[in-house]
Amino acid sequence: DEVTLLQDMRNRFGPGCAAVVRVNSNTNANTNGAASSAQEEDAVWDECLTPDTPRSQLDFTRSMHKTRGALLSSRDKLSLRRFISHMTTTVVIPAIERRIYELNVEVTNHKKGVKNVFKSFWRKPKDVAG
């Protein structure tokens, strides 16, 4: 059961570190049914094709894509979309922002050091009173 699995994972890894995404729950689709029900799927997988794809490869790729994703129900697609969106906004983007901040601090500190080196070149030497 998904609920107990998620609860076990949350207990083991922490509340924010676990997720369950259900895929391939459309059990009534088979290879023949997938071709007929894949009409709506074609629009999804056509995004993977580029405009400069040769015609022969285009036909082959479209026929191959009709079987891909045939077992994904609309609920599966929605849960995948939510999971990816949540993962992107809560994990990926903050990690990138943190890394950019750390690099910015490092570059700023390095600039200060370089600026001080150049300043010392143009300073007048102190008179040594002896």
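These numbers were taken from a predicted model, which means no experiment stands behind them. (Residues numbered from 1 in each chain as written. Predicted model: local features only at pLDDT ≥ 70, side-chain atom pairs only at ≥ 80, totals over all residues. Heavy atoms only, no water.)

Digging into the overall build of the protein chain
Here comes step 1: If you tally the helices and strands in the protein chain, you get five helices and zero strands.
Here comes step 2: Mapped from its N terminus to its C terminus, the protein chain presents α and β elements in the order α-α-α-α-α.
Here comes step 3: When each of the 130 residues of the protein chain is scored for burial, the buried share is 14%.
Here comes step 4: The long-range fraction of contacts in the protein chain, counting pairs at least 24 apart against all pairs at least 6 apart in sequence, stands at 59%. (Helix = DSSP H or I, 4+ residues; strand = E, 2+ residues; numbered from the N terminus. Buried < 20%, exposed > 50% of the residue type's maximum accessible area, 1.4 Å probe, protein only. Contact = heavy atoms within 4.5 Å.)

Thoughts on a nonpolar patch on the surface
Here comes step 1: Residues Met87, Val91, Val92, Ile93, Ile96 and Ile100 make up a contiguous nonpolar surface patch of roughly 490 Å² in combined accessible area.
Here comes step 2: Tracing the chain through its elements places Ile93 in helix 5 (residues 74–122). (Patch = residues over 30% accessible without salt bridge, like charges linked within 9 Å, V, L, I, M, F, W, Y side chains within 5 Å. Areas by Shrake-Rupley, 256 points an atom, 1.4 Å probe, with all protein chains shown as cover. Salt bridge = Lys/Arg side-chain N within 4 Å of Asp/Glu carboxyl O.)

Topic: the side chain of Asp76
Here comes step 1: Position of Asp76 among the secondary structure elements: in helix 5.
Here comes step 2: At 5.4 Å, Arg22 is the nearest oppositely charged side chain to Asp76, a buried residue that forms no salt bridge.
Here comes step 3: With sequence-adjacent residues up to four places away left out, Asp76 is seen in contact with Arg22, Val23, Asn24, Ser25, Asn26 and Leu71. (Lys, Arg positive; Asp, Glu negative; His and termini not counted.)

Examining the confidence of the model for the protein chain
Here comes step 1: Scored by pLDDT, the protein chain has a mean of 76; 60% of the residues are at 70 or more.
Here comes step 2: Mean pLDDT per element in the protein chain: helix 2 (residues 31–37) is the minimum at 47, and helix 1 (residues 2–13) is the maximum at 90.
Here comes step 3: Residue range residues 31–39 is modelled with pLDDT below 50. Its contacts to residues more than four positions away, or to other chains, number three contacts. (pLDDT = per-residue confidence, 0-100.)

Section: helix 1
Here comes step 1: Over its 12 residues, helix 1 extends 16 Å from the first C-alpha to the last, a length consistent with the 16 Å expected when each residue adds 1.5 Å.
Here comes step 2: Gly14 sits one or two residues past helix 1 and shows a positive phi near 110°. (Expected span 1.5 Å × (residues − 1).)

Remarks on the environment of Ser73
Here comes step 1: With respect to the element layout, Ser73 can be found in the loop between helix 4 (55–65) and helix 5.
Here comes step 2: Of the residues examined, Ser73 reaches a relative accessible area of 17% and is grouped as buried.
Here comes step 3: Separated by 47 residues in sequence, Ser73 and Asn26 place their C-alpha atoms 5.0 Å apart.
Here comes step 4: Those residues in contact with Ser73 that sit more than four places away from it in its chain are Ser25 and Asn26.

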